[in-house]
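# Structural features, examined
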Amino acid sequence: MTTINPIETRPLRPLFLSYLFPAMIGMLLMSVNILVDGIFVSHGVGPTALAGVNIAVPIFSILLSISLWIGMGGATLYSISLGEGNKKRAHQLFTLSFTTMLAVVLTLVLLLLLNLKEIAYIFGASDVTYPYVQEYLHVILLFGVFYTIENLLSIFIRNDGNPKLAMMGLITTSILNILLNYVFIFVLHYGVKGCALATAISTIIGMSVLCLHFFRKQSELKFVSTFFNVSDLKKIFAIGLPSFIVEASMALIVILYNVSFLHYLGANGVTAYAMVNYIHTVLLTVFLGIGMALQPLVSYHHGARLKKRLLELLKIGLATALILGLSIAIIAMLFPSQLMELFGDSKIEIRTMATQGFVHFAIGYVFLGMNMVLAEFFQSIEKIRLATTIMLLRSIILFIPALLLLPKLWGAQAIWWTFPVAEGITALLILIFIKRKPRAVYSN
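Residues numbered from 1 in each chain as written. Predicted model: local features only at pLDDT ≥ 70, side-chain atom pairs only at ≥ 80, totals over all residues. Heavy atoms only, no water.

The next subject is the overall build of the protein chain. Counting its regular elements, the protein chain contains 16 helices and zero strands. When each of the 444 residues of the protein chain is scored for burial, the buried share is 60%. A separation of at least 24 residues holds for 83% of the contacts in the protein chain among residues at least 6 apart in sequence. Charged side chains of the protein chain number 29 positive and 18 negative; the gap between the two group centres comes to 13 Å. (Helix = DSSP H or I, 4+ residues; strand = E, 2+ residues; numbered from the N terminus. Buried < 20%, exposed > 50% of the residue type's maximum accessible area, 1.4 Å probe, protein only. Contact = heavy atoms within 4.5 Å. Lys, Arg positive; Asp, Glu negative; His and termini not counted. Charge placed at Lys NZ, Arg CZ, Asp CG, Glu CD.)

Turning our eyes to something else, we now look at the domain arrangement of the protein chain. Domain parsing of the protein chain yields domain 1 (26–228) and domain 2 (285–442). Here the C-alpha centre of domain 2 lies 23 Å away from the C-alpha centre of domain 1. The interface of domain 1 with domain 2 comprises 22 residues on the first partner and 19 residues on the second. Surface buried jointly by domain 1 and domain 2 totals about 1,700 Å² across both partners, of which 70% is contributed by carbon and sulfur atoms. When the buried surface of domain 1 facing domain 2 is broken down by residue, Met27, Met72 and Ile80 rank first, second and third, together holding 31% of it. Joining domain 1 to domain 2, the criterion identifies zero salt bridges. Our count for the domain 1 to domain 2 interface comes out at two residue pairs in polar contact (both at pLDDT 80 or more). If you list the elements that add at least two residues to the side of domain 1 that touches domain 2, you get α1 (12–44), α2 (47–84) and α6 (144–159). No other element matches α2, which puts 11 residues into the side of domain 1 that touches domain 2. Of the residues belonging to the side of domain 1 that touches domain 2, the class tally is 12 nonpolar, eight polar and two charged. (Domains from an automatic or database assignment. Buried area = accessible area lost by both parts, 1.4 Å probe. Salt bridge = Lys/Arg side-chain N within 4 Å of Asp/Glu carboxyl O. Polar contact = N/O pair within 3.5 Å; in protein donor to acceptor, adjacent residues only side chain to side chain. Nonpolar A, V, L, I, M, F, W, Y, C, P; charged D, E, K, R; others polar.)

This model, assessed by the stated rule, comprises six cavities of 30 Å³ or more. Each pocket or cavity is described by its volume, and for the largest cavity that value is around 160 Å³. Lining the largest cavity are 17 residues, with Met250, Ile253, His280, Arg394 and Phe419 positioned closest to its centre. Elements with a contribution of two residues or more to the lining of the largest cavity: α9 (230–303), α14 (384–397) and α16 (418–436). Among the elements that take part in the lining of the largest cavity, α9 stands out by supplying 10 residues, more than any other. Looking at the lining of the largest cavity residue by residue, the class counts come to 11 nonpolar, four polar and two charged. Quantified by volume, the second largest cavity comes out at close to 130 Å³. (1 Å grid on protein atoms, 1.4 Å probe; cavity = no way out; pocket = protein on both sides within 12 Å on 5 of 7 lines; lining within 4 Å. Points joined across faces, edges and corners; volume = space filled by probe spheres on them.)

Its place among the elements puts Ser97 in helix α3 (residues 87–114). Using a relative accessible area of 0% as the deciding quantity, one classes Ser97 as buried. A polar contact is formed between the side chain of Ser97 and the backbone oxygen of Leu93, at a distance of 2.8 Å.

This part takes up the nonpolar core. The biggest cluster of nonpolar side chains holds 139 residues, and the ones touching the most others in it are Phe16, Tyr257, Ile290, Phe358 and Tyr365. Of the residues that make up this core, three or more belong to each of domain 1 (26–228) and domain 2 (285–442). Setting aside anything within four residues of it in sequence, one finds Ile290 in contact with Phe16, Leu20, Met24, Gly317, Thr320, Ala321, Leu324 and Val373. (Core = buried A, V, L, I, M, F, W, Y, C linked by side-chain atoms within 4.5 Å.)

Attention shifts here to the packing of α9 against α14. Helices that pack against each other are described as a pair by the angle of their axes relative to one another and the distance between those axes. Contact pair α9 / α14: the axes reach a minimum separation of 10 Å and the direction vectors enclose 0°. The angle between α9 and α14 falls in the class roughly parallel. Side by side, α9 and α14 meet where Ala238, Ile239, Leu241, Pro242, Ile245, Val246, Ser249, Leu252, Ile253 and Leu284 of the first sit next to Ile384, Ala387, Thr388, Met391, Leu392, Arg394, Ser395 and Ile396 of the second. When grouped by side-chain class, the residues that make up the contact of α9 with α14 number 14 nonpolar, three polar and one charged. (Axes fitted to C-alpha atoms, helices over the stretch in contact; angles between N-to-C directions. Parallel < 35°, antiparallel > 145°, perpendicular 65-115°, else oblique.)

Okay, here's the thing in structure tokens:
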């Protein structure tokens, strides 16, 4: 007799919530690590150091994007295999994903360390900010592999039915990061290097907490000796591509924004954007959390061919994203100055610029949630072209022309409208597509 997995019979709303809260808290805390870095650096080192760390963040994002690419691709196939009842293939997919990520990340870190200065200047560093960029990135890159292992394990542990432990690992990392940032910056006066060390040490300890999952009786995460399969490797990279685009495009977007603000508003504009971007990084991962909660459930139901429950999960995810997006937009419009005050005593000109800009920028959150949920849904049921198209539209195809045209047509302040315009048009195009081709949403 085959045992029916409780996922197949449990009421969907409480099932989704049991994954949603740990996923959102985990992703939120992961992004809070970056926000905490910005707050401590701003208060303890200064605004120039904050700009330097913000320039370094895209390189940090590249490492995260690799772990998301391979992690989400592998974990989607892993959950589909469990839904199909094929545990042997699930073990092989986990091992293949883990070893592939290690090989890719270690190679990338080596290349970045050997060409650090050249890359930093390409990403927007100047003679003034480079010392801070170099100091921060040197440590981050040396310990970068641990950060990617923590992220990949968190994804697979969530897919293995243990979202609470995935959350606890990230909570551990976040709390330790806050404490160590305070010690290294304000007590030991290590400056930007202390900020990077806090991130590295807290990540290693958080990763150790996640490893407790391997001692759990119900765990299906097992390393096996025979795992390499070219076809599976291609599928991992194909399915994980939309997740890679989300994170990698964040790096590209930050670079393009930095260049545009520097051109139109000078160094003050770059610093104002840095303040907004730290808030945005946190909010974006909240929406990623909704996708992280949906993915294991959607992939499992897809593998088990439970179409009715699958579509109901999509409706729940979209409703959650819309409510959250509207709430965040309203809060950002009502309390922008209070949010910018998190970054300490910056110049009144910079704070005013950031406050006014964020009011316009925040409108994009109304559309962002729907775009992210639909992309995650299509990715989880192996409709990679649709998922990839959504991500490319919002982050490159529509974003770059909007960033180039809006300030030329309506002045420097229109740069802040790039995000809501790109997200809004993407959402509109998705709705038109689904209305014309409703069967595209799900068909086996």
